[in-house]
Amino acid sequence: MKMIMLPPLVRAVLVACAFSVPGAATADVPTVRIGAQAQDLGFVSEASIEAVHQVTVAAQVQGRVLALAVDTGDRVRRGQVLARIDAAEAAAALAAAQAGVGQAEAEMGNARSELARARGLVERQFLSASALDAARTRLEAAEAAVKAARAQREQAATVKSQFEIVAPLDGVVSVRHIETDEMAQPGRALFTLHDPARMRAVTDVAPQRLAALGDGAVRARVTLGDGGRVVDAEAVTLLPAADARTHTVRVRVELPAGTDGLMPGSFARVHFVGAGTAEASVVVVPRAAILRRGELTAVYVADGAGGFALRQVRLGRGVNGSEAVEVLAGLKGDETLALDPVQAGLRARAAAPAR
């Protein structure tokens, strides 16, 4: 007797894998025993992966891009230099502002000395009080001029720093939007970065489907498109507005921190379950047992007499989208099915009486 072990199904719906079928006619055909299993009555929605923290770094100044320090796919640290823009004019403006500060400080020093001399002359009655007030006013004006010059220098330094593009967060460069020697303009996107440590699945769902889950908290399980990994969501957030065109609600499903190997824009499936969602008994069969011939969908069932009988079935949704399919009609849930329907069909025809 040939025995085949199926791969484990996520939330397995096969009650047992018993591969004993009486009779020699079925000895070379692998089989599986199916059964009914209680499942929640949630629903599945297709989704895409996005980063919780994603930013687009844009230029704030105009200039030619001199160098790009990173490329798409590179990991970066907060504050790391991403690109440099030609800052010759900004450097000249900063130098002029620095010179202005020096001039203003020199004039302030001169005004302070004049005020000190004026006070001495007033004490010896060689100078009037009005002249002392004028010297004090000149010093106050000089001090104000120094503050203005220093502010202008800080502004010039800030502008010059904008010619060096730095990363605003720890993450990965998703997209590079510019090339070396291109002209950067204020507002033009240069890089898109995301933090791969925090990801989520986003999907659009009809409000009626969410309402069917009940008034309690909505739970979710996410099947990732990178090989079928299944993870439980940390939180489910429904945005408070519906799309005017599709009349659907955007749902954000937060994935556990540190879920590795995900890329923004990749495919996922979200299985929503309400806190009070009811359960139903369903029958599920392996995809390998299903025979499709045109409009016919059927399976071969062991007849108990050593052979197989073809039985038409009506299928429903897939279980986690992969290895098994729900059967809506045609099976009770206590049958033994052939895992190789082609071979089972040949056995059945060979055992049929000649006409």
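Residues numbered from 1 in each chain as written. Predicted model: local features only at pLDDT ≥ 70, side-chain atom pairs only at ≥ 80, totals over all residues. Heavy atoms only, no water.

1. Observations regarding the sheet that holds strand 7 (residues 81-85)
What holds strands together in a sheet is hydrogen bonding between their backbones, with the strands either parallel or antiparallel.
Alright, step 1. Here 4 strands make up an open sheet; going across it, the order is 8-7-5-10 and the pairing antiparallel. Sheet topology places strand 8 (164-166) and strand 10 (183-184) at the edges, where each strand pairs with a single neighbour.
Alright, step 2. Judged from the 3 bridges that link them, strand 5 (residues 63-68) and strand 7 form a sheet pairing that is antiparallel. Bridging across to strand 7, Leu-68 finds its partner in Ala-83. (Pairing = 2+ DSSP bridges. Helix = DSSP H or I, 4+ residues; strand = E, 2+ residues; numbered from the N terminus.)

2. Some thoughts on the environment of Arg-78
Alright, step 1. Counting through the fold element by element, Arg-78 comes out in the loop between strand 6 (75-76) and strand 7.
Alright, step 2. With 88 residues separating them in the primary sequence, Arg-78 and Val-166 have C-alpha atoms 7.5 Å apart.
Alright, step 3. Those residues in contact with Arg-78 that lie beyond four places of it in its chain are Ala-167, Pro-168, Leu-169 and Asp-170.
Alright, step 4. Polar contacts involving the side chain of Arg-78 include one to the main-chain carbonyl oxygen of Pro-168, which spans 2.5 Å. (Contact = heavy atoms within 4.5 Å. Polar contact = N/O pair within 3.5 Å; in protein donor to acceptor, adjacent residues only side chain to side chain.)

3. Details of the pattern of salt bridges
Alright, step 1. One pass over the structure, following the stated rule, counts 15 salt bridges.
Alright, step 2. Two residues, Arg-150 and Glu-105, come together in a salt bridge whose shortest N-O distance is 2.8 Å. Taken as a pair, Arg-150 in helix 2 (residues 129-161) and Glu-105 in helix 1 (residues 88-123) lie far apart in primary sequence, 45 residues in all.
Alright, step 3. On the basis of relative accessible area, Glu-105 is assigned to the partly exposed category, the value being 32%.
Alright, step 4. A salt bridge links Arg-136 to Asp-133; the shortest N-O distance between them is 3.0 Å. Residue Arg-136 and its partner Asp-133 are located together in helix 2, separated by 3 residues, close to a single helical turn.
Alright, step 5. On the accessibility criterion, Arg-136 (30% relative accessible area) is partly exposed.
Alright, step 6. On the basis of relative accessible area, Asp-133 is assigned to the partly exposed category, the value being 42%. (Salt bridge = Lys/Arg side-chain N within 4 Å of Asp/Glu carboxyl O. Buried < 20%, exposed > 50% of the residue type's maximum accessible area, 1.4 Å probe, protein only.)

4. Some thoughts on the packing of helix 1 against helix 2
Alright, step 1. Interhelical geometry of helix 1 versus helix 2 gives an angle of 165 degrees and a closest axis separation of 8 Å. On the basis of the axis angle, helix 1 is roughly antiparallel to helix 2. The handedness of the crossing between helix 1 and helix 2 is left-handed.
Alright, step 2. Tallied by class, the residues present in the contact of helix 1 with helix 2 amount to 22 nonpolar, 3 polar and 11 charged. (Axes fitted to C-alpha atoms, helices over the stretch in contact; angles between N-to-C directions. Parallel < 35°, antiparallel > 145°, perpendicular 65-115°, else oblique. Left-handed = near helix turned anticlockwise from the far one by under 90°. Nonpolar A, V, L, I, M, F, W, Y, C, P; charged D, E, K, R; others polar.)

5. Focus: helix 2
Alright, step 1. When the terminal C-alpha atoms of helix 2 are compared, their 48 Å separation across 33 residues agrees well with the 48 Å that a helix rising 1.5 Å per residue should span.
Alright, step 2. Those residues of helix 2 that sit buried are Leu-132, Ala-135, Leu-139, Ala-142, Val-146, Ala-149 and Ala-156.
Alright, step 3. Those residues of helix 2 that are buried lie in contact with helix 1. (Expected span 1.5 Å × (residues − 1).)

6. Thoughts on the pairing of strand 11 (residues 189-194)
Alright, step 1. For strand 11, the tally of buried residues reaches 5 of 6 residues, placing the bulk of the element in the interior.
Alright, step 2. Bridge analysis of strand 9 (residues 171-176) against strand 11 gives 4 bridges, and the strand direction is antiparallel. Looking at strand 11, one finds that Val-172 is bridged to His-194.

7. Some points on the packing of aromatic side chains
Alright, step 1. One pass over the full model with this rule turns up 1 aromatic pair.
Alright, step 2. Each ring, one from Phe-43 and one from Phe-272, has its centre 5.2 Å from the other, and the planes form 35 degrees; the classification is tilted. Highlighted residues: Phe-43 in strand 3 (residues 43-51) and Phe-272 in strand 17 (residues 267-274), separated in sequence by 229 residues.
Alright, step 3. The exposure class assigned to Phe-272 is buried, which follows from its relative accessible area of 0%. (Phe/Tyr/Trp six-rings, centres within 6.5 Å; stacked < 30°, edge-to-face > 60°.)

8. Thoughts on the confidence of the model for the chain
Alright, step 1. Put simply, the chain has an average pLDDT of 82, and 84% of its residues get 70 or more.
Alright, step 2. Confidence over residues 1-25 falls short of pLDDT 50; this stretch has 57 contacts with residues more than four positions distant or in other chains. (pLDDT = per-residue confidence, 0-100.)

9. Examining the sheet that holds strand 9
Alright, step 1. As summarised here, the arrangement of the 4 strands in space is 4-11-9-6, forming an open sheet in which the pairing is antiparallel. Because the sheet does not close on itself, it has two edges, and the strands there are strand 4 (54-58) and strand 6.
Alright, step 2. Looking at chain direction, strand 6 and strand 9 are connected through 2 bridges and run antiparallel. The partner of Val-76 across the bridge, within strand 9, is Gly-171.

10. Topic: the environment of Gly-228
Alright, step 1. Tracing the backbone shows Gly-228 in the loop between strand 13 (218-224) and strand 14 (230-232).
Alright, step 2. Considering only alpha carbons, one finds Gly-228 and Arg-269, 41 residues apart in sequence, at a separation of 9.6 Å.

11. Side note on unusual backbone geometry
Alright, step 1. Backbone geometry at Gln-125 places phi at a positive 60 degrees, although glycine is not the residue there.
Alright, step 2. Mapped onto the fold, Gln-125 is located in the loop between helix 1 and helix 2.
Alright, step 3. Relative accessible area serves as the criterion here: at 71%, Gln-125 is assigned to the exposed category.
Alright, step 4. In the Ramachandran plot, Asp-181 falls in the positive-phi region, its phi being about 75 degrees despite a non-glycine side chain.
Alright, step 5. Summarising the element assignment, Asp-181 is placed in the loop between strand 9 and strand 10.

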